[in-house]
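Understanding the architecture of this molecule
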Amino acid sequence: MSFDEMLPVIFMALMGVSMLVYVISDGYDLGVGMLMHRATPEQKDVMVASIGPFWDANETWLVLGIGILLIAFPKAHGLVLTELYLPVTLMLLGLILRGVAFDFRVKAKALHKPLWDRAFFAGSMLASLAQGWMLGRYVSGFGEGWNYPLFAAAIALALPMAYVLLGACWLVMKTEGDLQQRAVDWARLAWWPMVGGLLLISMATPWISATVRERWFVLPEIIALSAIPLMTALALLAVRALLATRAVRGPLCALPFVLLIVVFVLGFLGLAYSLYPYVVIDRLTIWQAASSPAALKVILIGTCISVPAIAAYTVFAYRVFGGKTGELRYA
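Note that this is a predicted model, so its numbers are computed, not measured.

Here we take up the overall build of the protein. If you tally the helices and strands in the protein, you get 14 helices and two strands. Expressed along its principal axes, the backbone C-alpha trace of the protein runs to roughly 55 × 40 × 40 Å. In the protein, buried positions account for 49% of the 331 residues. Of the roughly 16000 Å² that the protein leaves accessible, carbon and sulfur atoms contribute 72%.

Shown next, in the form of structure tokens:
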């Protein structure tokens with residue numbers, strides 16, 4: 001394969017990694033937002049403080065992924081955005097509502113603060129549901145028929161539960177005392193519906209897509225690919241076991257969150273295998289949707305500058321604001 005033929009593959013991989021980082025990083029703060037209604041006013045302040053230094057930077061990866069789709073795969077961008085116009089709009093409204101509520105709750109009087117807390121919860125829920133619907137429609141290749149919207153609706157319900165579990169494990173890692181114990185309880189509650197939804201969706205995906213079925217359920221591929229669901233099951237069982245131990249509130253507090261990251265990475269690898277070489281499954285390959293090689297070379301120069309800068313800032317932010325979250329204070 002020549003370098004010109006490799007360029008679309010490089011950009012597809014970069015777009016996929018960008019979206020994976022977004023789902024993990026913004027996923028936990030969306031999850032924290034959806035847990036706000038379960039906490040006391042004092043605990044809500046700590047929860048907001050735990051994601052405050054990161055949530056803006058987390059959304060940068062979404063902008064990067066969509067930007068790559070736009071400039072590197074313009075044909076796919078037009079198709080995807082045409083099919084997902086409404087859920088994309090709802091997602092953006094949810095993210096805007098979260099941003100407004102996040103900042104306004106700081107300045108609001110005590111009487112109005114619960115209103116902005118509810119808005120933060122609503123924005124987080126709306127964005128999560130919209131992302132789940134978008135993922136379901138995308139994975140199914142925007143197929144027509146009653147079963148395709150049903151499949152998308154199932155993912156729209158399952159993804160928020162995955163975010164809630166991720167957010168609860170983030171709080172287990174970042175907080176102490178009563179809030180940490182409550183986060184452990186929330187994670188236990190979210191584990192069952194998240195695992196059940198994941199299992200049902202894994203069973204439904206081959207039914208909804210013949211391409212996925214042919215790639216996963218043939219020999220000898222099925223033997224090698226079985227490692228992905230097996231490792232996912234082991235990681236999820238380990239999370240459940242850890243949440244039942246006292247050590248999760250001590251030296252092992254970060255391990256459930258790390259294991260969930262492994263689960264998301266494994267899911268990404270399975271999805272990438274199912275989709276390649278398509279940008280839109282069964283409709284557009286990466287070479288059909290890509291910009292010209294000359295344009296991709298110019299875009300690659302900008303990417304080589306911007307992506308390391310974004311990654312460096314992200315690593316720096318997580319390093320500076322690592323450790324346990326204290327009381328929320330503003331200058």
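That covers the picture; the talk isn't over yet.
Our next topic: the pattern of salt bridges. According to the stated counting rule, one finds nine salt bridges in the structure shown. Notably, a salt bridge pairs Lys-113 with Asp-45, separated by 3.0 Å at the nearest N-O pair. Taken together, the positions of Lys-113 in helix α6 (residues 113-139) and Asp-45 in helix α2 (residues 41-51) put the pair 68 residues apart, joining distant regions of the chain. Across the pair Arg-98 and Glu-59 runs a salt bridge, and its minimum N-O distance is 3.5 Å.

Looking at the element boundaries, Glu-214 is found in helix α9 (residues 210-216). By relative accessible area, which is 54% here, Glu-214 ends up exposed. Through-space distance from the C-alpha of Glu-214 to that of Ala-158 is 25 Å; in sequence the pair is 56 residues apart.

Closest axis-to-axis distance for the helix α7 (residues 147-174)/helix α12 (residues 255-275) pair is 8 Å, and the angle between their directions is 150°. On the basis of their axis angle, the class for α7 and α12 is roughly antiparallel. As α7 packs across α12, the resulting crossing turns out to be left-handed. Residues Ala-162, Leu-165, Leu-166, Cys-169, Trp-170 and Met-173 of α7 touch α12, and the partners they reach there are Pro-256, Phe-257, Leu-260 and Phe-264. Here the contact of α7 with α12 is composed, by residue class, of ten nonpolar, no polar and no charged.

Let us look at the packing of aromatic side chains. Overall, the coordinates contain 13 aromatic pairs when judged by the stated rule. Measuring from centroid to centroid gives 5.6 Å for Phe-54 and Trp-170, while their planes differ by 85°, and the two rings are edge-to-face. Here Phe-54 is found in the loop between α2 and α3 (55-72), whereas its partner Trp-170 is found in helix α7, with 116 residues between them in sequence. In this pair, the class of Phe-54 matches that of Trp-170, namely buried. Residues Trp-170 and Tyr-318 carry aromatic rings whose centres are separated by 6.4 Å and whose planes lie at 85° to one another, so their mutual orientation is edge-to-face.

Once that is clear, we can look at the packing of α6 against α7. Running from N to C, α6 and α7 point in directions that differ by 135°, and their axes come no closer than 7 Å. Classified by the angle between their axes, α6 and α7 sit oblique to one another. At the point where α6 passes α7, the crossing takes the right-handed sense. Touching Met-125, Ser-128, Leu-129, Gln-131, Gly-132, Trp-133, Leu-135, Gly-136, Arg-137 and Val-139 of α6 are Tyr-148, Pro-149, Phe-151, Ala-152, Ala-153, Ile-155, Ala-156, Leu-157, Leu-159, Pro-160 and Tyr-163, all from α7.

In this structure, Phe-11, Met-47, Phe-73, Trp-170, Trp-186, Val-279 and Val-280 are the most contacted members of the largest nonpolar core, which totals 95 residues. If one sorts the elements of this core by residue count, helix α1 (residues 3-34) sits on top with 13 residues. Beyond its immediate chain neighbours, meaning those up to four positions away, Phe-11 contacts Ile-68, Ala-72, Phe-73, Leu-296, Ile-299, Leu-300 and Thr-303. Membership of the second largest hydrophobic core comes to eight residues, among which are Tyr-148, Phe-151, Ile-201 and Ala-204.

Right, let's talk about a nonpolar patch on the surface for a bit. A cluster of nonpolar side chains, namely Leu-86, Leu-90, Leu-92, Leu-93, Ile-96, Val-100 and Phe-104, defines an oily patch on the protein surface of about 630 Å² accessible area. Position of Leu-93 among the secondary structure elements: in helix α5 (residues 85-107). The exposure class of Leu-93 is partly exposed, given its relative accessible area of 48%.

Examined against the element boundaries, Lys-174 turns out to sit in helix α7. Put simply, Lys-174 is tucked away with no salt bridge, and the nearest opposite charge, on Glu-176, sits 11 Å away. Within the local environment of Lys-174, its side chain forms a polar contact with the backbone oxygen of Phe-321, the two atoms lying 2.9 Å apart. A polar contact of 2.7 Å, which involves the side chain of Lys-174, links it to the backbone oxygen of Gly-323.

Conventions used here
Residues numbered from 1 in each chain as written. Predicted model: local features only at pLDDT ≥ 70, side-chain atom pairs only at ≥ 80, totals over all residues. Heavy atoms only, no water. Helix = DSSP H or I, 4+ residues; strand = E, 2+ residues; numbered from the N terminus. Buried < 20%, exposed > 50% of the residue type's maximum accessible area, 1.4 Å probe, protein only. Areas by Shrake-Rupley, 256 points an atom, 1.4 Å probe, with all protein chains shown as cover. Salt bridge = Lys/Arg side-chain N within 4 Å of Asp/Glu carboxyl O. Axes fitted to C-alpha atoms, helices over the stretch in contact; angles between N-to-C directions. Parallel < 35°, antiparallel > 145°, perpendicular 65-115°, else oblique. Left-handed = near helix turned anticlockwise from the far one by under 90°. Contact = heavy atoms within 4.5 Å. Nonpolar A, V, L, I, M, F, W, Y, C, P; charged D, E, K, R; others polar. Phe/Tyr/Trp six-rings, centres within 6.5 Å; stacked < 30°, edge-to-face > 60°. Core = buried A, V, L, I, M, F, W, Y, C linked by side-chain atoms within 4.5 Å. Patch = residues over 30% accessible without salt bridge, like charges linked within 9 Å, V, L, I, M, F, W, Y side chains within 5 Å. Lys, Arg positive; Asp, Glu negative; His and termini not counted. Polar contact = N/O pair within 3.5 Å; in protein donor to acceptor, adjacent residues only side chain to side chain.

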